[in-house]
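# Structural features, examined
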Amino acid sequence: MSTGTSTNLNQLASNLKEQVISWRRHLHQNPEVSFHEENTAQFIFDTLHSFGNLEISRPTKTSVMARLIGTQPGKTLAIRADMDALPIQEENTFEFASQNPGVMHACGHDGHTAMLLGTAKILSGLKDLIKGEVRFLFQHAEELFPGGAEEMVHAGVMDGVDLVIGTHLWSPMEIGKVGVVYGPMMAAPDTFWITVKGKGGHAALPHQTIDSIAIAAQVVTNLQHIVSRNTDPLDSLVISVTQILGGTTHNVIPGAVTLWGTVRTLDPKLRESIPGKMERVVKGITEAHEGSYDFKYEFGYRPVINNNEVTAVIEETVREVFGEEALDMMRPNMGGEDFSAFMEKAPGCYFYVGAGNEAEGITYPHHHARFTIDEDALEIGVKTFLNATFKFLG
């Protein structure tokens, strides 16, 4: 890609900045939760239709796909943005805060969608320069398993795609930075439920009971032995019990306690071994204390594992467009993302765009009721998508 082409793309992105911000604010003001993005999808469909040169479809009820087919043959690049919100009551007071009670864009998906709309608008006007095809995937339901990505893949959106990219606005990263990770990048988020069964009775006569709370407490602590003593220290594993339900009052030992939590892994082989290791711990402890148990384990999204060749292009794009100081070679994190479903069909890269700004007080974490982004990040995301597109498609 020539320097002149890059300069032109960057100028086009700068010219469109206020429009992209306006789209983001509209979406932020009108959030919809996973699998219910009807108005969001219609807004995206109508906006894309106004650009021209795009073949637009609805692969599922609340997703949108647009295809830009160039005038010359070449590869097919897919770019994805998720667009669902969360069931959170927003506490921000700015003028474009959520108008839907109990629903909020608290993870940046409004920005992801706005950036991809901006990318589609600019590229649709450059059809004669496109070699191959750019496929814009506006995905529903990233936040709720089994997720929208898998549904879109089953609907055929990745058929014929050679490579796929996507990004996440990242509030822990300062504005101006772009984060790149080679290999495993985000974890597989699995879920487990354990019911410890004992025999209830009077709290003053514990010897007449089988204390489900005491047994459950040992289960919680001993599950961490899987992390610290049954797993290679160089492998990444998180087992978190996040909910404990049991008991009704101060003087009654309950007959059962339910534990709920999550497991996060980066390595697929380690992931497969965890349910068996967990059940062995639960079985041993409950039987040792004359109790019993129910154990359920549900595999969630696959880990996000970036392809080295595709990632190298993103890294090169960041260096060339924003300079060496903008590049942050990050470590993986244990969050989950169903972008991995698209990567099952084509090699890809998922990267971060810094959206925090400590000086402006934009520091709240994702999924917080006061989460927001530095909107200057939107222009950075659009520039990255545009320049990477021409690198990938030659």
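Note that this is a predicted model, so its numbers are computed, not measured. (Residues numbered from 1 in each chain as written. Predicted model: local features only at pLDDT ≥ 70, side-chain atom pairs only at ≥ 80, totals over all residues. Heavy atoms only, no water.)

### Thoughts on the nonpolar core
Counting residues in hydrophobic clusters, the biggest one holds 67 residues, and the most contacted among them are L48, L123, F136, F138, I165, I314 and F392. Considering every element that reaches this core, the biggest residue donor is helix α10 (residues 376–393), with 10 residues. Excluding residues within four positions of it along the chain, F136 makes contact with L54, V64, M65, A66, L68, I79, L116, T119, A120 and L123. One finds A78, A149, M185 and F342 within the second-largest nonpolar core, a separate group that totals 24 residues. (Core = buried A, V, L, I, M, F, W, Y, C linked by side-chain atoms within 4.5 Å. Buried < 20%, exposed > 50% of the residue type's maximum accessible area, 1.4 Å probe, protein only. Helix = DSSP H or I, 4+ residues; strand = E, 2+ residues; numbered from the N terminus. Contact = heavy atoms within 4.5 Å.)

### Some points on α10
For α10, with 18 residues, the first-to-last C-alpha span of 27 Å sits near the 26 Å given by 1.5 Å per residue. Within α10, 16 of the 18 residues are buried, which leaves the element mostly enclosed by the surrounding structure. (Expected span 1.5 Å × (residues − 1).)

### Examining the pattern of salt bridges
Note that side chains of opposite charge can pair when their charged atoms are close. Tallied over the full model, the rule gives 21 salt bridges. Put simply, R24 and E375 hold a salt bridge, and the shortest N to O gap is 2.9 Å. Note that R24 is positioned in helix α2 (residues 17–29) and E375 in the loop between β16 (348–356) and α10, a separation of 351 residues in sequence. Here K61 makes a salt bridge to E38, at a shortest N to O gap of 3.6 Å. Of this pair, K61 sits in the loop between β1 (55–57) and β2 (64–69) while E38 sits in helix α3 (residues 38–49), placing them 23 residues apart in sequence. (Salt bridge = Lys/Arg side-chain N within 4 Å of Asp/Glu carboxyl O.)

### Description of the packing of aromatic side chains
For the structure shown, the criterion picks out 10 aromatic pairs. Measuring from centroid to centroid gives 5.8 Å for F145 and Y301, while their planes differ by 45°, and the two rings are tilted. On the criterion of sequence distance, the pair formed by F145 in the loop between β4 (131–139) and α5 (148–154) and Y301 in the loop between β12 (292–298) and β13 (304–306) is long-range, its members being 156 residues apart. Taking relative accessible area as the criterion, F145 reaches 37% and is therefore assigned partly exposed. For Y301, a relative accessible area of 10% translates into the label buried. Relative to F385, the ring of F351 lies with its centre 6.0 Å away and its plane at 75°, an arrangement referred to as edge-to-face. Within this pair, whereas F351 is found in strand β16, its partner F385 is found in helix α10, the two being separated by 34 residues in sequence. Take F351 and F385: they sit in the same class, and that class is buried. Linked through ring pairs, F295, Y297 and F299 together constitute an aromatic cluster. Its guanidinium or amino end placed over the ring of W193, K296 lies 4.7 Å from that ring's centre, counting from NZ or CZ. (Phe/Tyr/Trp six-rings, centres within 6.5 Å; stacked < 30°, edge-to-face > 60°. Lys NZ or Arg CZ within 6 Å of the ring centre and 35° of its normal.)

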